[in-house]
Amino acid sequence: MYLFLAFLLVPIIEIALFIQVGGLIGLWPTLAIVVLTAVMGTILVRTQGRMALANLQRSFAELDDPTEPLAHGAMILLSGVLLLTPGFFTDAVGFALLVPTVRLSVFRYLRSKVTITQFQMGPGPQSRPGSSGSDQGDVIDGEFTEVRPRQESLKPSKWVEGPHRH
């Protein structure tokens with residue numbers, strides 16, 4: 001239901017803002033603002049995205065919980081989408097998501113609403129369900145030779161009945 005309301009209300013808000021701003025400053029300045037915010041947003045998203053990726057790589061390298069860097073990266077990606085969408089409301093939300101303290105507040109709010117039951121980094125469980133675990137990690141080394149059938153063996157055998165029998 002919330003998604004439906006978002007798809008219904010956001011365009012209505014954007015249209016109303018376009019009409020209001022366009023009436024105050026005119027068509028061309030309004031369009032210039034929309035293009036300028038898209039360009040500025042793209043530059044900011046690129047820089048913040050690089051920092052978020054560096055933080056994510058650091059958390060993986062140090063085997064830390066990557067939840068927060070992943071959430072920040074997702075919010076920066078959402079910010080980019082909102083900034084590329086023409087409109088004043090989406091631009092305001094997009095620019096707000098580029099502010100680290102806003103992202104941290106959103107992350108803390110979402111974290112309070114979500115319960116994580118298990119988190120694990122590294123290799124999965126040591127044994128598969130139903131196995132004793134003793135066969136984990138065993139390596140079977142071998143060699144093989146590809147055997148191609150001879151041409152005469154491709155003919156149907158005498159045991160085959162039907163139109164192919166000679």
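Rules of the game
- Residues numbered from 1 in each chain as written.
- Predicted model: local features only at pLDDT ≥ 70, side-chain atom pairs only at ≥ 80, totals over all residues.
- Heavy atoms only, no water.
- Axes fitted to C-alpha atoms, helices over the stretch in contact; angles between N-to-C directions.
- Helix = DSSP H or I, 4+ residues; strand = E, 2+ residues; numbered from the N terminus.
- Parallel < 35°, antiparallel > 145°, perpendicular 65-115°, else oblique.
- Left-handed = near helix turned anticlockwise from the far one by under 90°.
- Contact = heavy atoms within 4.5 Å.
- 1 Å grid on protein atoms, 1.4 Å probe; cavity = no way out; pocket = protein on both sides within 12 Å on 5 of 7 lines; lining within 4 Å.
- Points joined across faces, edges and corners; volume = space filled by probe spheres on them.
- Nonpolar A, V, L, I, M, F, W, Y, C, P; charged D, E, K, R; others polar.
- Buried < 20%, exposed > 50% of the residue type's maximum accessible area, 1.4 Å probe, protein only.
- Salt bridge = Lys/Arg side-chain N within 4 Å of Asp/Glu carboxyl O.
- pLDDT = per-residue confidence, 0-100.
- Patch = residues over 30% accessible without salt bridge, like charges linked within 9 Å, V, L, I, M, F, W, Y side chains within 5 Å.
- Areas by Shrake-Rupley, 256 points an atom, 1.4 Å probe, with all protein chains shown as cover.

**Re the packing of helix α1 (residues 2-25) against helix α2 (residues 27-61)**
Okay, so step 1: Where α1 meets α2, the axes come as close as 7 Å, and the angle between the chain directions of the two elements is 125°. Between α1 and α2, the crossing angle belongs to the class labelled oblique. Regarding α1 and α2, the two cross each other, and that crossing is right-handed. Listed contacts from α2 to F18, V21, G22 and I25 of α1 are L27, P29, T30, I33 and V34.

**Structural notes on the layout of surface pockets**
Okay, so step 1: Of the volumes computed, that of the largest pocket is approximately 390 Å³.
Okay, so step 2: Around the largest pocket sit 14 residues that line it, and A6, V10, L82, F89 and T90 are the ones nearest its centre.
Okay, so step 3: Elements represented by at least two residues in the lining of the largest pocket include exactly α1, α3 (67-84) and α4 (88-97).
Okay, so step 4: Here the element with the most residues in the lining of the largest pocket is α1; it accounts for seven residues.

**Topic: the packing of α3 against helix α5 (residues 100-113)**
Okay, so step 1: Interhelical geometry of α3 versus α5 gives an angle of 120° and a closest axis separation of 10 Å. Compared by their axis directions, α3 and α5 come out oblique. Classified by chirality, the crossing of α5 by α3 is right-handed. Here T67, E68, A71, H72, M75 and I76 of α3 lie close against α5, whose contacting residues are P100, R103, L104, V106, F107 and R111.
Okay, so step 2: Split by residue class, the contact of α3 with α5 holds seven nonpolar, two polar and three charged.

**Description of unusual backbone geometry**
Okay, so step 1: Despite not being glycine, L63 has its phi angle at roughly 55°, a positive value.
Okay, so step 2: Among the residues examined, L63 registers a relative accessible area of 62% and is labelled exposed.

**Some details on the pattern of salt bridges**
Okay, so step 1: If you walk through the whole model with that rule in mind, you get three salt bridges.
Okay, so step 2: Note that R58 is salt-bridged to E62, the shortest N-O span being 3.3 Å.
Okay, so step 3: Look at E62 and you get partly exposed, because its relative accessible area is 47%.
Okay, so step 4: R111 serves as the salt-bridge partner of D65, at 3.4 Å between the closest nitrogen and oxygen. Here D65 is found in the loop between α2 and α3, whereas its partner R111 is found in helix α5, with 46 residues between them in sequence.

**Observations regarding the confidence of the model for the protein**
Okay, so step 1: Taken residue by residue, the protein gives an average pLDDT of 82. The fraction at 70 or more is 77%.
Okay, so step 2: At the low end of the mean pLDDT range in the protein sits α2, at 91; at the high end sits α4, at 94.

**Considerations on a nonpolar patch on the surface**
Okay, so step 1: Taken together, the side chains of M1, Y2, F4, L5, L8, L9, I12, I13, L17, F89 and V93 make up a nonpolar region of the molecular surface, amounting to roughly 1,100 Å² of accessible area.
Okay, so step 2: Listing elements by their share of the nonpolar patch, those giving two or more residues are α1 and α4.
Okay, so step 3: By residue number, the principal contributor to the nonpolar patch is α1, which donates eight residues.
Okay, so step 4: Take L17: it is sitting in helix α1.

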